2 protein chains.
Amino acid sequence: MTIALDEQQAAAKAWFESLRDAICAEFEAIEAEAGSDARFERTPWDRVDPSGAPGGGGVRGVMKGRVFEKVGVNVSTVGGSFEGDFAKTIHGAGDDPRFFATGISLVAHMANPHVPAVHMNTRFLATTKRWFGGGADLNPPIPYDEDTADFHARLKAACDAHDPTHYPRFKQWADEYFYIPHRKVHRGVGGIFYDHLEGAFADNFAFTQDVGRAFLDIFPQIVRRRMAMPFTDADIARRNAWRGRYAEFNLVYDRGTLFGLKTGGNIDAILMSLPPVATWD
Amino acid sequence: MTIALDEQQAAAKAWFESLRDAICAEFEAIEAEAGSDARFERTPWDRVDPSGAPGGGGVRGVMKGRVFEKVGVNVSTVGGSFEGDFAKTIHGAGDDPRFFATGISLVAHMANPHVPAVHMNTRFLATTKRWFGGGADLNPPIPYDEDTADFHARLKAACDAHDPTHYPRFKQWADEYFYIPHRKVHRGVGGIFYDHLEGAFADNFAFTQDVGRAFLDIFPQIVRRRMAMPFTDADIARRNAWRGRYAEFNLVYDRGTLFGLKTGGNIDAILMSLPPVATWD
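All values reported here derive from a predicted model rather than from experimental measurement.

Describing the relation of the copies chain A and chain B
Both copies of the chain are related through a single rotation about an axis accompanied by a shift along the same axis.
At step 1: Placing chain A over chain B gives an RMSD of 0.0 Å and needs a rotation angle of 180°, together with 0.0 Å of translation along the axis. Both chain copies can therefore be described as sitting about a two-fold axis.
At step 2: The fraction of interface residues of chain A whose copies in chain B are also interface residues reaches 100%, indicating that both copies meet through the same surface.

Below is the structure:
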């Protein structure tokens, strides 16, 4: 259900797709290093706008491997009109419900409990306003200070290259967002979160690209550092209980998940963030 | 944190506690028949009202056995004042935020995939109004028509003894409530759900007692019918994937769970409904 794109929209879409391809290639290379021939399986899906017009769609990519127990990478490019009062809740859509959105979203749940799970998502939205948003956060069942420090340092470098106020603001935003109030714990060791980054398209697009490149640079390093570490049944039990909290966050609080579930999005694409297995005491 | 009870409140509380004791004894007897010496472990918890006054509390009971992989039975008796605008959402509390609630809530996740999971909850609430509510629904990973029919027939008999309109209304209410919109499936094979049953205290209390007795009569029969059936790894996989949907319902839609999580209830008591293990594709 192709929709017509202007130049900025087409450029953003092309970037998210090329980032997806680079990430998938790198993750498949890691699987090969671990002696596995796992590959991403890609499934396209179409979106029909509530108006009945073509609403765009996306491609869901999933790999189940030896290192990546389950990793999902979705790219979607959708557009149409928000329905009813919902438009009023979206930046710039209060008086005109038309919207466009393109983005990449990734969640990786790792087999080895020493390897952190990770989430990364960046997107470009257009209503009567145009903005970028996104973020990445690290979710280790068994945290290592070195991994946390390196992950944050790499994201900070990407931020600092564009605006010295980005990292402190976006790190704090992540600390506030990736939090499980009923448990009074953060879901992981943080990262960055940003939204409504509007104004100069070229600058904000370049920043969003650098966030993607930073992720592609640092996460594979951390995976390779940990993926061969021995682990015990107790480590697996710890990982699975930790995943229960991850599922709680995504199902109770995550705005993207709830938005998707309650507005009839592609269920498989929305719920690919859920862990392959989770336990509760 | 004991709170003062009037005669109706004390009678309701005493019933829920005696029903809890009868259910726990019966479930422990089933474990004994399966050669297990599993017992319920009871943990009391206190509630402090936001006003700072004593707010009641409850007792969380959990058993992890051979037949009952994980079963939680909570009794709680709480009271105080609803905070702010929240009072306006509660029957009879719009002009006076004081409330009292006592009830029993039970969720059983069973080891054998042929044995249905089950939920049962009945409660008595008092604001400026007084009412009973509750229900029970059967959640088989592998459904059997005979179990579904017997479960519904027993609940229907309990309903019909009080009011011929109860069962059709309360069955439909359960069909509407225990539904996962984003999957477009019911979470199980239904049961009954009722709320705001107000007016004649004695009649409604007697009905609520009969719902508890019906549950205590029929569920153990179904368990004993299925608990020795052989099962395969594929059955376990099916059970665990089915439990993923159960977790989705409870975390995304269940009013009791969300009410508890967002108002600072006892986390362990609220989340005892979550399955011991769940999987997502």
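Having seen the structure, we can now continue with the description.
Some words on the sheet that holds strand 3 (residues 68-81) of chain B
Residues and elements named next belong to chain B.
At step 1: Taken together, the seven strands give an open sheet; going across it, the order is 1-2-3-4-5-6-9, and neighbouring strands pair in antiparallel fashion. Here the strands that pair on one side only, and so sit at the sheet edges, are strand 1 (41-48) and strand 9 (191-198). Averaged over neighbouring strand pairs, the angle between their axes works out to 5° when direction is ignored.
At step 2: Across the face of the sheet, helix 2 (residues 145-160) comes into contact with strand 5 (117-126), strand 6 (130-139) and strand 9 while running at roughly 165° to strand 6.
At step 3: The strands that helix 4 (residues 201-226) touches are strand 3, strand 4 (98-110), strand 5, strand 6 and strand 9; relative to strand 9, the one it contacts most, it runs at about 165°.

A closer look at the pairing of strand 5 of chain B
Residues and elements named next belong to chain B.
At step 1: For strand 5, the buried fraction is high: 10 of the 10 residues fall into the buried class.
At step 2: Judged by which residues are buried, strand 5 turns out to be covered on both faces: Ala117, His119, Asn121, Arg123 and Leu125 on one side and Val118, Met120, Thr122, Phe124 and Ala126 on the other are all buried.
At step 3: Taking the residues between adjacent antiparallel strands as the criterion, strand 4 and strand 5 are bridged by six residues.
At step 4: By the bridge criterion, 10 bridges tie strand 5 to strand 6 in an arrangement that is antiparallel. For Thr122, the partnering residue across the bridge sits in strand 6 and is Gly134.
At step 5: Hairpin connection of strand 5 to strand 6: three residues between the antiparallel strands.

A short note on the environment of A:Arg255
At step 1: Along the chain, the position of A:Arg255 falls in helix 6 (residues 255-262).
At step 2: Once the C-alpha coordinates of A:Arg255 and A:Tyr177 are considered, the two residues, 78 residues apart in sequence, prove to be 9.7 Å apart.

Observations regarding the side chain of A:Arg243
Residues and elements named next belong to chain A.
At step 1: Locating Arg243 in the fold gives a position in helix 5 (residues 233-253).
At step 2: By relative accessible area, which is 1% here, Arg243 ends up buried.
At step 3: A distance of 3.0 Å separates a polar atom in the side chain of Arg243 from a polar atom in the side chain of Glu69.
At step 4: Once residues within four sequence positions are removed from consideration, Arg243 is found in contact with Glu69, His109, Met110, Pro275, Pro276, Val277 and Ala278.

Points about the interface of chain A and chain B
At step 1: Contacts between chain A and chain B engage 22 residues on the former and 22 residues on the latter.
At step 2: Summed over both sides, the interface of chain A with chain B buries roughly 1,900 Å², with 67% coming from carbon and sulfur.
At step 3: Ranking the residues of chain A by area buried against chain B places A:His182, A:Leu251 and A:Trp280 at the top, with a combined share of 30%.
At step 4: For the pair chain A and chain B, the interface holds five residue pairs in polar contact (both at pLDDT 80 or more).
At step 5: Mapped onto the side of chain A that touches chain B, the elements with two or more residues apiece are helix 5, helix 6 and strand 10 (277-279) of chain A.

Let's talk about the environment of B:Ala278
At step 1: Residue placement: B:Ala278 occurs in strand 10 (residues 277-279).
At step 2: Between the C-alpha atoms of B:Ala278 and B:Asn139, which are 139 residues apart in sequence, the distance is 14 Å.

Some points on the packing of helix 1 (residues 7-33) of chain B against helix 4 of chain B
Residue and element names in this part refer to chain B.
At step 1: Where helix 1 contacts helix 4, the two axes come as close as 11 Å, and the packing angle between them is 5°. Looking at the two axes, helix 1 sits roughly parallel to helix 4.
At step 2: Of the residues that constitute the contact of helix 1 with helix 4, the class distribution is 17 nonpolar, four polar and four charged.

A closer look at the packing of aromatic side chains
All names here are of chain A.
At step 1: Counting across every chain of the model gives 45 aromatic pairs over all chains.
At step 2: Taking 4.1 Å as the distance between ring centres and 10° as the angle between the ring planes, the aromatic pair formed by Phe82 and Phe99 counts as stacked. Here Phe82, found in the loop between strand 3 (68-81) and strand 4 (98-110), pairs with Phe99, found in strand 4; they are 17 residues apart in sequence, far enough to count as distant. One exposure class covers both Phe82 and Phe99, and it is buried.
At step 3: Ring plane angle 65° and centroid distance 5.1 Å describe the contact between Tyr194 and Phe207, whose orientation is recorded as edge-to-face. With a gap of 13 residues between them, Tyr194 in strand 9 (residues 191-198) and Phe207 in helix 4 (residues 201-226) connect regions that are remote in the sequence. Of the two residues examined, Tyr194 and Phe207, each falls in the buried class.
At step 4: Grouping aromatic residues by their ring pairs yields a cluster made of Phe170, Trp173, Tyr177, Phe178, Phe193, Tyr194, Phe207, Phe249 and Tyr253.
At step 5: The ring of Tyr144 is capped by Arg226, whose NZ or CZ atom sits 3.9 Å from the centre of that ring.

Calculation notes
- Counting of residues starts from 1 at the beginning of each chain's written sequence and follows it residue by residue.
- Lettering for chains starts from A, numbering for ligands starts from 1, and both go in the order in which the items are written.
- In view of the model being predicted, local features appear only for residues whose pLDDT reaches at least 70, and side-chain atom pairs are presented and counted only at 80 or more, with totals across whole chains, interfaces and linings using the full set of residues.
- The basis for every side-chain value is the complete set of heavy atoms in the structure, and neither hydrogens nor water enter the calculation.
- Least-squares fitting of one copy onto the other uses the C-alpha atoms of those residues that reach a pLDDT of at least 70 in both copies.
- The contact criterion used throughout is that any non-hydrogen atoms of two residues lie within 4.5 Å.
- Note: two strands are recorded as paired if DSSP finds a minimum of 2 bridges between them.
- Secondary structure elements are taken from DSSP: a helix is a run of H or I of four residues or more, a strand is a run of E of two residues or more, and numbering for both begins at the N terminus.
- Between the N-to-C directions of two axes lies an angle of 0 to 180 degrees, each axis being a line fitted to C-alpha atoms and, for a helix, fitted only over the stretch in contact.
- Burial classes: relative accessible area under 20% of the type maximum marks a residue as buried, over 50% as exposed, and values in between as partly exposed (1.4 Å probe, protein chains only).
- Residues adjacent in sequence count toward polar contacts only when both atoms are side-chain atoms; beyond that, a polar contact is any pair of N or O atoms within 3.5 Å, and within protein one must be able to donate a hydrogen and the other to accept it.
- Defined in terms of a 1.4 Å probe, buried area is the accessible area two parts forfeit on being brought together, summed over both.
- We call two directions roughly parallel when the angle between them is under 35 degrees, roughly antiparallel when it is over 145, roughly perpendicular when it lies between 65 and 115, and oblique otherwise.
- Under the scheme applied, nonpolar residues are Ala, Val, Leu, Ile, Met, Phe, Trp, Tyr, Cys and Pro; charged residues are Asp, Glu, Lys and Arg; polar residues are all the others, including Gly.
- Aromatic rings from Phe, Tyr and Trp, taking only the six-membered ring of Trp, are treated as a pair when their centres fall within 6.5 Å; an angle between ring planes under 30 degrees marks them as stacked, one over 60 as edge-to-face, and anything in between as tilted.
- Whether a charge sits over a ring comes down to the Lys NZ or Arg CZ being within 6 Å of the ring centre and within 35 degrees of the ring normal.

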